[in-house]
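# Structural characterization, general
Given next are the chains, with one letter for each unit.
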Amino acid sequence: MDREFITRGVKRCSGGKFLLWILPWVAMLIFGLYSAGLCLVKGLNQTNMDNRFAFGLWIFLDLTVIALGAGAFFTGFLLYILKMKELRAVINSAVVIGVVCYSGAMCALAVDVGQPLRFWFTFWYPNVHSMLTEVTFCITCYLTVLMIEYLPIVLKNRKLRDVPEFLVFQHELHKLIYVLAGVGTFLSFFHQGSLGGLYGVLRGRPFAFREGLAIWPSTFFLFILSAAAVGPSFVLLTTWLVEKISKKRLVRPEAMQMLGRISGLLLAVYVLLKTIDTLVWINRTSPGNGFPAAQYYAWHPFGTWILFTEIALLGMVPALILLTPKLRARTGWLVSAAAMACCGVALNRFVQTVQTLAVPTLSFDKFMTYTPSWQEVGTFLAVLAYGVLVYSFSFRYFQLFPDERELKLEVAQVEEEPALVGRY
Amino acid sequence: MQRTRRDILLFMGGGAAGAMLTPAPWRLVTDAAIWSENWPGIPRPARGEITARYTNCALCPAGCAVRARCVAGQPVSLAGVAGNPLSQGAPCAFGLTGHQLPYHPQRLKQGTPEEAAAAVRGAMAKCGPGESVAVLDLAPGRASSWTYRRAMAAVANGVYLAPPRPLGGAAVNLAKARTVLSLGAPVLDGWGTPGNVHAARANFRLIQAEPWESRTAALADEWLPIRPGSEAALALALKDPKTAPSAAQATGLTEKQILDLANELTASGPALVLSADDLPEALALNQALGAWGQTLVARPEVPVPDAWKKAAPERVVASVPDSSIRVLFIDESVPGSHIPWSAVEKKLVRDNPVVVAFAWSLEGYGRHAQFTLPTAVYPELTSDIPPAIDSPAATFRISAPLVAPPARMTDPSAFIAKAAGMDAGNALQERADAIHKSGRGTLFTYADGKSTPLKDIKPDAFWKSLNEGACWVDDAAVGRASWPAFLSSPHDTQAEPQSTAFPLLVAFAEPRTASLTSPLMSKLYQDSDLRMAPNTAALHPDTARASGIAGAARAVLETQYGRCAIGVIPDESVPPGMLEVAAGPEVLDICGAFTRAKVVAA
Amino acid sequence: MIAPNSKSQPSRERQRAVSRYGMSIDLDRCTGCGACMVACAVENNVPPAHEGATARKGITWIRVFKVDNGEEGAARRSVFVPVLCQQCGEDTPCVHVCPQQAVEVDPATGIVGQMPERCLGCRYCMAACPYHARFFNWWDPQWPAGMEKTLNPDVAPRMRGVVEKCNFCHGRWHAAKERAAAAGKSEIEAGAYVPACVESCPTGAIRFGDLKDAASEPAVAAKDAHSFRLLEKLGTEPKIYYHSKRDWVRQVAAAPKPPNGKENARG
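Residues numbered from 1 in each chain as written. Chains lettered and ligands numbered in written order. Predicted model: local features only at pLDDT ≥ 70, side-chain atom pairs only at ≥ 80, totals over all residues.

### Comments concerning the overall build of chain A
Going by this rule: A run of H or I in DSSP counts as a helix once it spans at least four residues, and a run of E counts as a strand once it spans at least two, with each numbered from the N terminus. Any residue whose C-beta has 12 or fewer other C-beta atoms within 10 Å is treated as exposed, any with 20 or more as buried, and any in between as partly exposed, C-beta atoms being built from the backbone. By definition, residue pairs are in contact when their C-beta atoms, positioned from the backbone, come within 7 Å.
Looking only at helices and strands, chain A has 15 helices and 2 strands in total. Per-residue burial for chain A yields a buried fraction of 48% across its 424 residues. For chain A, the proportion of contacts with a sequence separation of at least 24, taken over those separated by at least 6, is 79%.

Next comes the structure, spelled out in structure tokens:
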């Protein structure tokens, strides 16, 4: 019944089946909105955050999804600035992921702050010394950029492009795509970095505090690098997931390989720099502030295993896998490595957010633990459901994967002539 | 000229652009933030003229001088009065929040005085031989206390009951002490008059003998961690060194420590021995050390009119035969000592005794009384405050009201006097007049910080000053030559022997009060772990395990007097075999001095 | 983004500052009675604990901790440590991180002031503060019926969703300034302005004064060999000087030690 909205030449499941797919996500969204509503109406006492854990699940998830959503800017950078044509196959999907990640993070933040109606104070009374001001400005601008980049995807919908004004508009907009990509990269560089800077400047938290370059602590650069490394991995992961769920071929293997290779390269560089940074921190920065580093890992359950897992297991290992062409060629290895890389970055954000607050600073502090309340989990599930729903609708009604039509024809040809086998 | 739509739009656009160059829109934007600053439901403090008023705190016998900062007559904060000779300007956490008590959510606002009066009349008429009418006064020594005593003298079978006086009514002269041995007494945490104790602190060496490192033990010059329940043995050995070996066994100290301590007490005198609950052995030790006349002195009663001398004597509850009280008035209109209800209940007749409690809430004896009549709450009430235990001279202070009590509050003196067919009169003023007639002592007025000999003050001025914040201090008391008999008389404070039924010894970790405390005190036990909430107990995890309540947050405390629900806090610093409790009315009902208890699962 | 220049900006603040208020806290006198905690709550209109509040969510601008030396039994010794906003003087962590300038160092007094009306409730300042001196309003404040009459008109009650902290009873400074001005003086006399906690301390353990006045008790304590500040190596230059003649008590100033399986703090 919604055939005319679906892109010509590709097949999508029936309306009924689609409804079945989105129903559980809608239910999750409703539950999540209820949780968020509770927090907004009754106050943040609905969460398990407290004066010691001022940041909790939401901040950790915001940071993680923003890092994962970095695929949007980075793929754009690679495609439009560095002219890596293979990535044209995934750019639209990356933009949708970016829109979903950033807008979802903003919504979660709106619930996280105590006075959401005062959001405009940061714009009106900005503190030029604060990393968070920078983050706010940058992310707001970048979300705008993302929306502008998303618009053409929407306007290219089969029905919408019948409207001549839309066609002209998105065509003109496309001329600006290099500008948008450049601006997006610039903004992302800064806000990804400032998110790292949020923790690196905390002089009162020697666990998080880092020395750096001029006003930027090392975490500024490490966050950018890790986001750039994991962005392509996440795009790869989602593409594979969508292919699996929709049972279609959506991209050529070259695109996936390229994403994997770039991710692996950046990840390797990141692991190297992170190792150096960690060694400097353990041996100089933290002891210089009166905090020997060993004591951070003496508080159960945060042992040195967490450091090892973050850097070696979920950092170096996937990097090596992604840099090995033979392994990269195998889907299983490729996707697993991408997933490991994403988990590694999530772990890094977790360590920066939760472990920073859990380790004591005063000699008579207790070590405390924090478990999110169901309202917090529910709100996060709302973001997740929102993301899946937006992506699902985008996948169904917009052309997210330009190579899909060609690949469909190729598959059809193969089916007609089974002798001509071409698989990756 | 034609005015087109375009012109209008241009004008409006230009106007808007121009307005942006004026402060107006920017101010509007900033002012819009104001609506986000205060939601309905956030109270706006009332404004008004700021004045200072003075009174005395009625929450404990220290009766610290209080300066209230009042806004349009309403006290909004309390502070001490610097230079005050008795309290040295130092109120405690209870006193600092006293002005919030009238608004306590559990504050009683309604009662049935007519019904209660009728029931009392009926029961008094029914009194048979051997049956009595009694008043239980938890804060004896006040002018109201004398009214009760006179009322009970006026009634044929009237009895006046009060808790046993600490140290038998003697007073402590801390300024004279050079060595103080405290057997678990919370010297630095609510004992006596806090300001006076801290002012005298530099003059004496404090040795705290206590199983648990209490606040006093943490700041004492020396902490002797003795085993629970061994205070009496230690005191005995300090008096009679021959018992040192068995005392060493009981306390866990070495013989040398005990003998050194005994030497110190005699060599570095004048010495003073305090115990948490008037241990006879501690009193005997004081006598042996020659404390009488030095650190322990007789304090004459604050003068009363001669007409009052015909009053019923003060008796303890234990002295009354069981099942003999038909009508009982309990005055808890001012915080005082708490007597476990079970000790009181057995003195009541079996058939329909009438118990009338005068209280601030239903939480105290109101749980057991037929009638609980609401009274004015500090700082609404008018009462005099008996001298504190560490005031060697007699003192007279009035807690004058800072705010008016609500309507329909009962005045216990008036009620009881009426029931006894007596006119209560204006007891406070009569007493003030009697004091003035004695011509002794000095009046310290808070507003101007002046000390004036009483003989230089006229009676009207005296009464006026007392009601505006002042204290009268008697001239130095003349000590009696010999150790008075009443200090040797048996008390109810024999330590309970250890038993398998009740293996744990109860000690009080926090100042004891059964009275209402301000909701803001939750800062100390709910918003932080500094103090324990009322009706909670701290115990060693091994004790918890042995009692079968490991890991539980709530349990049941049981003593020979009854049981009640308590919160439980595991604390490794509490010695095994001990319970450190924070009292509330329920706990005080079942825990007296040196009580043995057990803890069972809820 | 402009860097917090550690050399020039705070120096300018210090030069312009007429006073630099600080405290000295004698840990050999503090009995842990809690009078300071309730006096602070009375003065600053902090509401009583909400039903669901615990020590982790409660608001205690000044909070007294019981700290021990880690020994067992007879060798155990405890000390009571009141902790409040340390009024950091150098690179004040919370000032630099607040995204909407809701925190500032008052140049006239050196007091780090928090503006709850400006606060967004992002709690970044709480993450930045190593002294746990900042508190978030997890609930709307609630007083029992009638108790609002006892609120201090000089301090605005805060609503939920904003951060608050000790500001050395800044309202009292304003009142003292007005009184001095009414008497024709331009400066506040020493002793005319004391925060509520200082006024209420029964043992006089907490002393207050202008660190620029060499005769004031905090200034004298600052030079005493037995004085120390919390986490000095962080370079925050707190203005609260703790003092104790007991050597083991100085441990409270240092960084946490690795746990030996036991928790050693209650407060």
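### Focus: the overall build of chain B
Within chain B, the regular secondary structure consists of 18 helices and 26 strands. Each principal axis of the C-alpha distribution contributes one length, and for chain B these read about 125 × 60 × 55 Å. Put simply, chain B has 602 residues, and 53% of those count as buried. In chain B, the proportion of contacts linking residues at least 24 apart, taken out of those at least 6 apart, comes to 74%.

### Brief notes about the pairing of strand E15 (residues 371-374) of chain B
All names here are of chain B. This is how it is decided: A strand pair is defined by DSSP finding two or more bridges across the two strands.
Here E15 shows a buried face lined by Phe371 and Leu373 and a second buried face lined by Thr372 and Pro374. As paired elements, strand E14 (residues 354-359) and E15 share 4 bridges and run parallel to each other. Looking at E15, one finds that Ala359 is bridged to Pro374.

### Let's talk about the interface of chain A and chain C
A common measure of how large an interface is: the accessible area buried when the components associate. Counted only if it meets this: When residues are sorted by character, Ala, Val, Leu, Ile, Met, Phe, Trp, Tyr, Cys and Pro go into the nonpolar class, Asp, Glu, Lys and Arg into the charged class, and all the rest, Gly among them, into the polar class.
Counting residues at the interface gives 47 residues for chain A and 58 residues for chain C. Looking at the side of chain A that touches chain C, the elements with two or more residues in it are helix H5 (121-124) and helix H6 (131-155) of chain A. The biggest single contributor to the side of chain A that touches chain C is H6 of chain A, with 4 residues. Of the residues assigned to the side of chain A that touches chain C, the class counts are 22 nonpolar, 17 polar and 8 charged.

### Observations concerning unusual backbone geometry
Residue and element names in this part refer to chain B. The peptide bond linking Gly269 to Pro270 adopts the cis configuration, its omega dihedral lying at -5°. Mapped onto the secondary structure, Pro270 falls in the loop between helix H10 (255-267) and strand E10 (271-275). Here Tyr378 and Pro379 are connected by a cis peptide whose omega angle stands at 0°. The topology assignment puts Pro379 in the loop between E15 and strand E16 (383-385).

### Considering the sheet that holds strand E2 (residues 65-71) of chain B
Residue and element names in this part refer to chain B. Just so we agree on the cut-off: Structural elements are reduced to axes, namely lines fitted to C-alpha atoms, with helices fitted over the stretch in contact, and the angle between N-to-C directions of any two is expressed from 0 to 180 degrees.
Pairing is antiparallel across the open sheet formed by 3 strands, whose spatial order is E1-E2-E3. Two strands lie at the open edges of the sheet, namely strand E1 (50-56) and strand E3 (74-80), each paired on one side alone. The sheet shows a mean angle of 30° between the axes of neighbouring strands, direction not considered.

### Remarks on the packing of H6 of chain A against helix H8 (residues 177-200) of chain A
Residue and element names in this part refer to chain A. Rule in force here: Orientation labels follow simple angle bins: below 35 degrees gives roughly parallel, above 145 gives roughly antiparallel, 65 to 115 gives roughly perpendicular, and whatever is left gives oblique. For any pair of crossing helices, the crossing counts as left-handed if the nearer helix is rotated counterclockwise from the farther one by less than a right angle, and right-handed if it is rotated clockwise.
Axis separation between H6 and H8 bottoms out at 8 Å; the angle between their running directions is 150°. Between H6 and H8, the interaxial angle falls into the category roughly antiparallel. By crossing handedness, the relation of H6 to H8 is classed as left-handed. Where H6 approaches H8, its residues Met131, Leu132, Glu134, Val135, Cys138, Ile139, Cys141, Tyr142, Val145, Ile148 and Glu149 are matched on the opposing element by Leu180, Val183, Gly184, Leu187, Ser188, Phe190, His191, Ser194, Leu195, Gly197 and Leu198. Residue composition of the contact of H6 with H8, by class: 15 nonpolar, 5 polar and 2 charged.

### Describing the packing of helix H4 (residues 88-112) of chain A against H6 of chain A
Residue and element names in this part refer to chain A. Following both chains from N to C, one finds H4 and H6 inclined at 140°, their axes separated by 9 Å at the closest point. Taken together, the axes of H4 and H6 are oblique relative to one another. Of the two elements, H4 crosses H6, and the hand of that crossing is left-handed. Every residue of H6 that contacts H4 at Asn92, Val95, Val96, Gly98, Val99, Tyr102, Ser103 and Met106 is listed here: Ile139, Tyr142, Leu143, Leu146, Met147, Glu149, Tyr150 and Ile153. For the contact of H4 with H6, the per-class residue count stands at 12 nonpolar, 3 polar and 1 charged.

### A short note on the confidence of the model for chain B
Worth spelling out the cut-off: The pLDDT score gives, residue by residue, the confidence of the prediction method on a 0 to 100 scale.
Looking at chain B as a whole, its pLDDT mean stands at 91, while 96% of the residues score no less than 70. When mean pLDDT is compared element by element in chain B, strand E8 (residues 205-209) of chain B scores highest at 97, while helix H2 (residues 23-32) of chain B scores lowest at 78.

### A look at the domain arrangement of chain B
Residue and element names in this part refer to chain B. The test is simple: Annotation comment: domain bounds sourced from an automatic or database domain assignment.
Domains assigned within chain B are domain 1 (5-36), domain 2 (50-92), domain 3 (113-167 + 301-473), domain 4 (171-297) and domain 5 (504-601). Placing the centre of domain 3 and that of domain 4 at their C-alpha centroids yields a distance of 33 Å. Contact with domain 3, which involves 8 residues of that partner, is made by 11 residues of domain 4. Among the residues making up the side of domain 3 that touches domain 4, the classes are represented as 6 nonpolar, 1 polar and 1 charged.

### A short note on the sheet that holds strand E1 (residues 21-26) of chain C
Residue and element names in this part refer to chain C. Taking strand neighbours across the sheet as the criterion, the 4 strands line up as E8-E1-E10-E9 in an open arrangement whose pairing is mixed. Each edge of the open sheet is held by one strand with a lone partner, namely strand E8 (206-210) and strand E9 (227-228). Relative to strand E10 (residues 240-243), E9 runs antiparallel, the two being bridged by 2 bridges. From the neighbouring strand, Ser227 faces E10, where its bridge partner is His243.

### With respect to the environment of Arg261 of chain A
Residues and elements named next belong to chain A. Assignment of secondary structure puts Arg261 in helix H10 (residues 253-288). In the structure, Arg261 is positioned 135 residues away from Arg396 in sequence and 29 Å away in space, judged by C-alpha atoms. Among all residues touching Arg261, those that are not within four sequence positions of it are Leu322 and Arg328.

### Considering the pairing of E10 of chain C
Residue and element names in this part refer to chain C. Both faces of E10 are covered, namely the face carrying Ile240 and Tyr242 and the face carrying Tyr241 and His243. Of the strand pairs in this sheet, E1 and E10 are connected by 4 bridges, and their pairing is parallel. Paired with Met23 across the two strands is Ile240, which belongs to E10.

### Let's talk about the environment of Ile435 of chain B
Along the chain, Ile435 of chain B turns up in helix H14 (residues 427-438). The sequence separation of Ile435 of chain B and Phe396 of chain B amounts to 39 residues, and the corresponding C-alpha distance is 8.6 Å.

### Overview of helix H3 (residues 71-81) of chain A
All names here are of chain A. Most of H3 is tucked away: 10 of the 11 residues are buried. Considered for burial, the residues of H3 that qualify are Gly71, Ala72, Phe73, Phe74, Thr75, Gly76, Phe77, Leu78, Leu79 and Tyr80. Close packing links the buried residues of H3 with H4, H6, H8, helix H9 (218-246) and H10. Two residues or fewer after H3 comes Lys83, characterised by a positive phi angle close to 60°.

### Remarks on the confidence of the model for chain A
On average, chain A scores 90 in pLDDT, and the residues at 70 or more come to 97%. Segment residues 420-424 of chain A: pLDDT under 50, and 4 contacts once partners within four positions in sequence are set aside and those in other chains are kept.

### A closer look at the environment of Phe121 of chain A
Looking at where Phe121 of chain A falls in the secondary structure, it is placed in helix H5. Since 22 C-beta atoms lie within 10 Å of it, Phe121 of chain A is described here as buried.

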